[in-house]
Protein chains: 2
Amino acid sequence: MRLVTVGSVAFDAIETPFGKTDKIVGGAGTFITLASSIFVKDQGIISVVGEDFPEQTMKEMRKRGINLDGLQIKKGEKTFFWSGKYHDDMNSRETKVTELNVLEHFDPVIPQKYWDCEYLMLGNLSPVVQRTVIERLPKRPKLIAMDTMNFWMDVAWDELMKTIALVDVLIINDDEARQLTKEYTLLKAASRIKAMGPKFIIIKKGEHGALLFYGGRVFVAPAFPLEEVFDPTGAGDTFAGGFVGYLAKTDDLSFENMKRAVIVGSAIASFSVEKFGTQRLMETSIEDVEQRIEELNTITDFEINNL
Amino acid sequence: MRLVTVGSVAFDAIETPFGKTDKIVGGAGTFITLASSIFVKDQGIISVVGEDFPEQTMKEMRKRGINLDGLQIKKGEKTFFWSGKYHDDMNSRETKVTELNVLEHFDPVIPQKYWDCEYLMLGNLSPVVQRTVIERLPKRPKLIAMDTMNFWMDVAWDELMKTIALVDVLIINDDEARQLTKEYTLLKAASRIKAMGPKFIIIKKGEHGALLFYGGRVFVAPAFPLEEVFDPTGAGDTFAGGFVGYLAKTDDLSFENMKRAVIVGSAIASFSVEKFGTQRLMETSIEDVEQRIEELNTITDFEINNL
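A quick note: this is a predicted structure, and the numbers were derived from the prediction, not measured.

Peer 1: Please set out the overall build of chain A residue by residue, giving values where relevant.
Peer 2: Scanning chain A from N- to C-terminus turns up 11 helices and 15 strands. Computed over the C-alpha atoms, the radius of gyration of chain A is 18 Å, within 12% of the 19 Å expected from 2.2 N^0.38 for a compact globule of 307 residues. Taken along the three principal axes of its C-alpha coordinates, chain A extends 70 × 45 × 35 Å. For chain A, the proportion of its 307 residues judged to be buried stands at 50%. A fraction of 68% describes how many contacts in chain A between residues 6 or more apart in sequence connect residues 24 or more apart.

Following this line, the structure appears as structure tokens:
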């Protein structure tokens, strides 16, 4: 299988200054696979839901080529639920409810079909679960990318370090990079993370774009400036999904292609925030992404010959 | 005269996590003119200092072609003094001392030599003083650019609006743009500012670069990623000085050239923060700026043909 993603498939209830939802489908694994499905048809997901999870969503995912053999459905149990409220500036949010439910004792089972997976995306989850998946695969994938968050730095530092040591690409946001390294400048933070194991480091900066580090090289990727940011939930996961989906499709791990993958991630993430939940992402075509990349190219282009 | 700048010439005492200075030379007017002097030899400054201001600094400024006929020296009075401390993250700071001194009753006098000025840069100062300079010039310059800060939004809103209505370019940072417009996304903020008068809007985002807006067009400029940010004081003024200096030199107000000017500003500002006060800026040559622009070009370059 070309790409396998591990990550939560969940319910979210979101409140932003622009509106409020009941329980809608969310979760890192959902956003990642929906984004990567724009590029890869041969992919699977390892996750767990309760019997309350809508068959309709699973149907939609399958229609996009996402194999669900690795998605456990726990009879008589409930799907992971998160509820949060974004503040007026949309840059910060508070968690109102977290119900782990089926995620509390999640033991990832890897279908045999996934054993030869070439690209592995570890969505934000307990570093123990992330590592278990790596260990249970009979052979190491060509590329392992990983997302994480400050929560795991607070409660599972040692486990997190062990997992980070095993991956090729770490994708985190700027605050998390600072917390992880105690360094202020992102250049220094990236150097420290490199020493922890990953060869490629991607630091997401939300509306400010993203940075890619590899060896001594840096790539500064823009974000698409939006008139409206409706719901930032899942933007980071969508970025990761676009990134790894493009890599899995092109199967080229050069720095030049990694740069393209970051641009693809940035472009797709800019769609995701335009509506609540996965709605906008579900409607996004490869042509939409191409057009946004063209716009990104235009708005960042400059030429100076000499002063 | 090609370029005239209005702005404070001052003393700063700065504390950062990396060190601490006694009174050193600072001020928006100082940073702006030192930066623009890399491009323009025919320029003057309108400001005021006390008799405690060092002759040595004025000599350095004159050596760089900065005409000081508009710099009033008040006998028996003291130069404006600001003292502040940056927090560990270097993104926020607290003001410890503000002594207005000579700035309290600053009445800008415009030497006849400056009357035909083509480019006017209004550094961050009371909007009344900024407007007085525009009104006292016998003819309107070809381009007026203006910086301001949240303080004037809090204490002099109506005066600020009157001054903003008169300028071609407003240069402010992202938080200030949000405060000025009550809009969260910078695209919307820029639209509102356009309605206030300025045709060009530049929103500075510190380590995240800057945005330039003109008509329906946007330019996303990167910041140079630095290993060390030693002292951010004056970075915004240095940006403005590089921007307006490059424009004044090239005398081309097309959007394409404005983009170049923003890149020049971004490149020069990245030097300014590498040492305390104006020290690094004083050592920066046009070749240094050229080299950094080349690096900016490299680290932002990407090419995707199709997905």
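Having put the structure on the table, let's press on.
Peer 1: Summarise the interface of chain A and chain B; cite the residues concerned and give the values.
Peer 2: Across the contact, 32 residues belong to chain A and 32 residues belong to chain B. For the side of chain A that touches chain B, the element with the most residues is helix α11 (residues 286-300) of chain A, which contributes six residues. For the side of chain A that touches chain B, a count of residues per class yields 20 nonpolar, four polar and eight charged.

Peer 1: I'd like a rundown of the relation of the copies chain A and chain B, residues and numbers included.
Peer 2: Relative to chain B, chain A is turned by 180 degrees and slid 0.0 Å along the rotation axis, the superposed coordinates differing by an RMSD of 0.0 Å. One copy is carried onto the other by what is essentially a two-fold rotation axis. Closest to the rotation axis within chain A is the C-alpha of A:His208, separated from it by 3.0 Å. The fraction of interface residues of chain A whose copies in chain B are also interface residues reaches 100%, indicating that both copies meet through the same surface.

Peer 1: Please give an account of the pairing of strand β8 (residues 81-86) of chain A that cites residues and values.
Peer 2: Residue and element names in this part refer to chain A. Pairing analysis gives five bridges linking strand β2 (residues 10-16) to β8, with the strands arranged parallel. Paired with Asp12 across the two strands is Trp82, which belongs to β8. Bridge count for β8 against strand β9 (residues 93-99) is six bridges, and the pairing is antiparallel. Bridging across to β9, Gly84 finds its partner in Thr95. Adjacent in sequence and paired antiparallel, β8 and β9 are bridged by six residues, among which Met90 carries a positive phi angle near 65 degrees.

Peer 1: A description of the environment of B:Leu34 should follow, citing residues and the corresponding values.
Peer 2: Residues and elements named next belong to chain B. Its place among the elements puts Leu34 in helix α1 (residues 28-36). The spatial distance from the C-alpha of Leu34 to the C-alpha of Gly65 is 9.5 Å, given a sequence separation of 31 residues. When sequence neighbours within four positions are dropped, the list of residues in contact with Leu34 reads Arg64, Gly241, Thr278, Leu281 and Met282.

Peer 1: For helix α9 (residues 255-272) of chain A, give the residues involved together with the corresponding values.
Peer 2: Over its 18 residues, α9(A) runs 26 Å from end to end, which matches the ideal 26 Å to within 8%, given 1.5 Å per residue. Of all 18 residues making up α9(A), 15 are buried, and the element is well covered by its neighbours.

Peer 1: Before we move on, could you go through helix α11 (residues 286-300) of chain B and cite the residues and values that matter?
Peer 2: An ideal rise of 1.5 Å per residue puts 21 Å on 15 residues; α11(B) measures up with 21 Å between its terminal C-alpha atoms. Of the residues making up α11(B), those classed as buried are B:Val289, B:Ile293, B:Leu296 and B:Thr300. Along the axis of α11(B), the buried residues cluster in a sector spanning 55 degrees; they form a single face. Set apart from the buried face of α11(B) by more than 90 degrees, the exposed residues are B:Glu287, B:Gln291, B:Glu294 and B:Thr298. Considering only its buried residues, α11(B) is in contact with β15 (217-221) and α11 of chain A together with α9 (255-272) of chain B.

Peer 1: Account for unusual backbone geometry, with residues named and values stated.
Peer 2: Of note, the phi angle at A:Asp251 is positive, near 50 degrees, even though the residue is not glycine. Tracing the backbone shows A:Asp251 in the loop between α8 (235-250) and α9. A tally of 12 C-beta atoms within 10 Å means that A:Asp251 is categorised as exposed. Even without glycine at this site, B:Lys182 takes up a positive phi of about 55 degrees. Inspection of the secondary structure assignment puts B:Lys182 in the loop between α6 (174-181) and α7 (186-196).

Peer 1: Before we move on, can you summarise the packing of α1(B) against helix α8 (residues 235-250) of chain B with the specific residues and values?
Peer 2: Residues and elements named next belong to chain B. Running from amino to carboxyl end, α1 crosses α8 at an angle of 40 degrees, the nearest separation of the two axes being 7 Å. Taken together, the axis directions place α1 and α8 in an arrangement best described as oblique. Relative to α8, α1 is oriented so that their crossing is right-handed. From α1, Ala28, Phe31, Ile32, Thr33, Leu34, Ala35 and Ser36 reach across to α8, where they touch Asp237, Thr238, Ala240, Gly241, Gly242, Val244, Gly245 and Ala248.

Peer 1: Let's hear about the environment of B:His87: which residues, and what values?
Peer 2: In this fold, B:His87 is placed in the loop between β8 (81-86) and β9 (93-99). Sequence-distant contacts of B:His87, that is, excluding residues within four places in its chain, are made with B:Ser92 and B:Arg93.

Peer 1: Would you mind going over the packing of helix α6 (residues 174-181) of chain A against helix α7 (residues 186-196) of chain A in detail, with residue names and values included?
Peer 2: Two quantities define a packed helix pair, namely the angle between the helix axes and the distance between the axes. All names here are of chain A. One can describe the packing of α6 onto α7 by two numbers: an axis separation of 9 Å at closest approach and a directional angle of 60 degrees. Classified by the angle between their axes, α6 and α7 sit oblique to one another. In the packing of α6 onto α7, the handedness of the crossing is left-handed. Seen from α6, the contacting residues are Asp174, Ala177, Arg178, Leu180 and Thr181; seen from α7, they are Leu186, Ala189, Arg192 and Ile193. Along the lines of polarity and charge, the residues of the contact of α6 with α7 split into five nonpolar, one polar and three charged.

Quick notes on the rules
- The residue numbering used here restarts from 1 in each chain and proceeds along that chain's sequence as written.
- Key to labels: chains lettered from A, ligands numbered from 1, both in the order written.
- With the structure being a predicted model, the display of local features is reserved for residues of pLDDT at least 70 and the display and counting of side-chain atom pairs for 80 or more, all residues being used for whole-chain, interface and lining totals.
- Only runs of H or I of at least four residues qualify as helices and only runs of E of at least two qualify as strands under DSSP, and these elements are numbered from the N terminus.
- Computation of the radius of gyration draws on C-alpha atoms, with the globule rule given as 2.2 Å multiplied by the number of residues to the power 0.38.
- Here exposure depends only on C-beta density: within 10 Å of a residue's C-beta, 20 or more other C-beta atoms make it buried, 12 or fewer make it exposed, and intermediate numbers make it partly exposed, the C-beta atoms being placed from the backbone.
- In this description, a residue-residue contact is defined by the distance between C-beta atoms placed from the backbone, which must lie within 7 Å.
- By the convention adopted, Pro, Cys, Tyr, Trp, Phe, Met, Ile, Leu, Val and Ala count as nonpolar, Lys, Arg, Asp and Glu as charged, and the other residues, Gly among them, as polar.
- When the copies are overlaid, the least-squares fit takes in C-alpha atoms only where the residue has pLDDT of at least 70 in both copies.
- In this scheme, strands are said to pair when DSSP sees at least two bridges between them.
- In this scheme, a helix's expected span is set at 1.5 Å multiplied by one less than its residue total.
- In this description, the arc belongs to the directions extending from the helix axis to the C-beta atoms.
- Axis definition: a line fit to C-alpha positions, over the contact stretch in the case of helices; interaxial angles, taken between N-to-C directions, run 0 to 180 degrees.
- We call two directions roughly parallel when the angle between them is under 35 degrees, roughly antiparallel when it is over 145, roughly perpendicular when it lies between 65 and 115, and oblique otherwise.
- Throughout, a crossing is termed right-handed when the near helix is turned clockwise from the far one, and left-handed when it is turned anticlockwise from it by less than a right angle.

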